[in-house]
Amino acid sequence: MNSLKDHITSDYFKAANSMTPKKARRRIVAYVESYDDVLFWRTILGNYEDETRYFEIMLPSHGSLKRGKSSALINLLNRVGQDMIACVDADYDYLLQGSYESSRHMIESPYVIHTYAYSIENLQCYAPSLHNVCVMVSLNDRVIFDFVSFMREYSKAIFPLLIWSILSYKRITTEKFTLSDFNSVIEIGGFQLRNPEMAIENLKNKVEKKLNWLSRRNPDIDEAFHKTVEEITSLGVTPETTYLYIQGHHLFDKIIVPIMDKVCTKLIRERENEIRRQAVHSTQMHNELSCYSHSVQDVVQMLKKNTGFMLSDIFRKIQQEVERFLSQ
């Protein structure tokens with residue numbers, strides 16, 4: 001058990017709050033997993049600040065540089081209270097619904113708020129918001145790629161493998177199907193902006209081969225498979241939204257960023273060519289190109305600042321959790 005010196009406890013915050021003037025705002029500390037999570041949860045929790053309360057978002061460990069879900073949950077779970085909460089990625093714990101101790105802690109504690117989607121990266125990659133991110137990067141509002149349709153087809157293609165991944169995680173399968181195995185199948189190498197359908201077809205072929213391989217090695221899995229489909233469907237997972245429940249870093253780094261790089265590059269080139277066509281003379285052209293290049297943003301950084309997920313059904317679930325905590 002860590003000492004009080006290593007971690008500031010909820011008792012400390014309650015005592016500190018009781019010593020402040022009656023009209024002072026109550027401070028609620030929200031522990032998060034990493035640096036990238038600070039802005040994400042600030043965006044959500046800031047909407048609940050008023051003249052009576054405010055949130056302070058921080059990493060969980062004060063005696064070291066330890067980060068991650070285990071640090072936010074395990075070390076602090078028994079200390080969270082009305083003045084302290086933990087805000088974490090759901091990972092598979094939400095879909096497992098208490099099958100493991102970490103899953104029970106996360107879904108049963110009123111002082112733990114989670115993402116419902118696998119992680120914050122999945123929500124940052126919320127498909128209906130990605131065109132706006134392209135505009136933030138390129139300052140070009142022309143629609144040249146249908147992110148919503150592509151991610152819907154992508155999700156439908158990989159949905160059966162998500163079920164197998166969960167079955168393996170529950171140790172129901174006889175042949176282990178690791179998260180790394182899952183990720184290697186669902187990559188979309190060779191994606192071409194002019195022919196995205198080919199990437200989906202190639203993905204379907206890879207998935208079909210893996211499904212056949214898994215089925216041959218687990219011939220008696222049908223009942224557990226269909227039961228798992230029913231279970232996760234009841235939690236809000238659909239074949240069309242599977243991408244929100246796969247490993248977030250993989251989705252962000254290997255799927256969304258490569259696609260967005262190609263989309264934004266094309267949009268930037270279009271804008272630059274427009275400037276060249278419209279410039280009256282070379283000096284004006286160089287000045288305008290310089291001005292535009294200084295305004296263009298980085299894809300990764302804009303994705304990390306993307307708040308378009310706040311229009312999603314998942315965001316409303318997170319809101320309900322925060323409101324439930326505050327109503328206690």
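To start, this report covers the structure provided alongside it. (Residues numbered from 1 in each chain as written. Predicted model: local features only at pLDDT ≥ 70, side-chain atom pairs only at ≥ 80, totals over all residues. Heavy atoms only, no water.)

Description of the packing of helix α12 (residues 248-278) against helix α13 (residues 282-295)
Next up, step 1: Contact geometry of α12 with α13 gives a least axis separation of 9 Å together with a crossing angle of 155°. Of the possible angle classes, the one that applies to α12 and α13 is roughly antiparallel. Between α12 and α13 lies a crossing whose hand is right-handed. In contact with Leu-267, Ile-268, Arg-271, Glu-272, Ile-275, Arg-276 and Gln-278 of α12, α13 contributes Gln-284, Met-285, Glu-288, Leu-289 and Tyr-292.
Next up, step 2: In the contact of α12 with α13, the residues fall into six nonpolar, two polar and four charged. (Axes fitted to C-alpha atoms, helices over the stretch in contact; angles between N-to-C directions. Helix = DSSP H or I, 4+ residues; strand = E, 2+ residues; numbered from the N terminus. Parallel < 35°, antiparallel > 145°, perpendicular 65-115°, else oblique. Left-handed = near helix turned anticlockwise from the far one by under 90°. Contact = heavy atoms within 4.5 Å. Nonpolar A, V, L, I, M, F, W, Y, C, P; charged D, E, K, R; others polar.)

Section: α12
Note on helix geometry: an α-helix contains 3.6 residues per turn, so any two residues three or four positions apart are oriented the same way.
Next up, step 1: When the terminal C-alpha atoms of α12 are compared, their 42 Å separation across 31 residues agrees well with the 45 Å that a helix rising 1.5 Å per residue should span.
Next up, step 2: Along α12, the largest kink reaches about 40° and is centred on Ile-256; proline Pro-258 follows within four residues of it. (Expected span 1.5 Å × (residues − 1). Bend = angle between axes of the 7 residues up to and from the residue.)

Structural notes on the pairing of strand β2 (residues 53-58)
Successive residues of a regular strand alternate their side chains across the two faces of the sheet.
Next up, step 1: When strand β1 (residues 26-31) meets β2, the two strands line up parallel, connected through six bridges. When the bridges of β2 are listed, Val-29 appears paired with Glu-56. (Pairing = 2+ DSSP bridges.)

A short note on the pairing of β1
Next up, step 1: Note that the unit made of β1, helix α2 (residues 35-45) and β2 has a crossover that is right-handed.
Next up, step 2: Relative to strand β3 (residues 84-88), β1 is paired through three bridges, and the arrangement is parallel. Opposite Ala-30, over in β3, you have Ile-85 as the bridge partner. (Right-handed = clockwise from strand over helix to strand, strands pointing away.)

Examining the side chain of Thr-228
Next up, step 1: Inspection of the secondary structure puts Thr-228 in helix α11 (residues 222-234).
Next up, step 2: Ignoring any residue separated from it by four or fewer positions in sequence, one finds Thr-228 in contact with Ile-163, Ile-166 and Leu-167.

A short note on the packing of aromatic side chains
Next up, step 1: Within this structure, the stated rule accounts for 14 aromatic pairs.
Next up, step 2: Each ring, one from Tyr-94 and one from Tyr-116, has its centre 4.9 Å from the other, and the planes form 75°; the classification is edge-to-face. Of the two residues, Tyr-94 sits in helix α4 (residues 93-96) while Tyr-116 sits in the loop between β4 (112-114) and α6 (120-124), which places them 22 residues apart along the sequence.
Next up, step 3: Their ring planes at 50° and their centres at 5.5 Å tell us that Phe-145 and Phe-150 sit as a pair that is tilted. Phe-150 carries the same exposure label as Phe-145, and that label is buried.
Next up, step 4: Clustering of aromatic rings is evident, with ring pairs tying together Phe-40, Trp-41, Phe-309 and Phe-315.
Next up, step 5: For the cation-ring pair, Lys-210 lies above Trp-213, with the distance from its terminal atom to the ring centre recorded as 4.2 Å. (Phe/Tyr/Trp six-rings, centres within 6.5 Å; stacked < 30°, edge-to-face > 60°. Buried < 20%, exposed > 50% of the residue type's maximum accessible area, 1.4 Å probe, protein only. Lys NZ or Arg CZ within 6 Å of the ring centre and 35° of its normal.)

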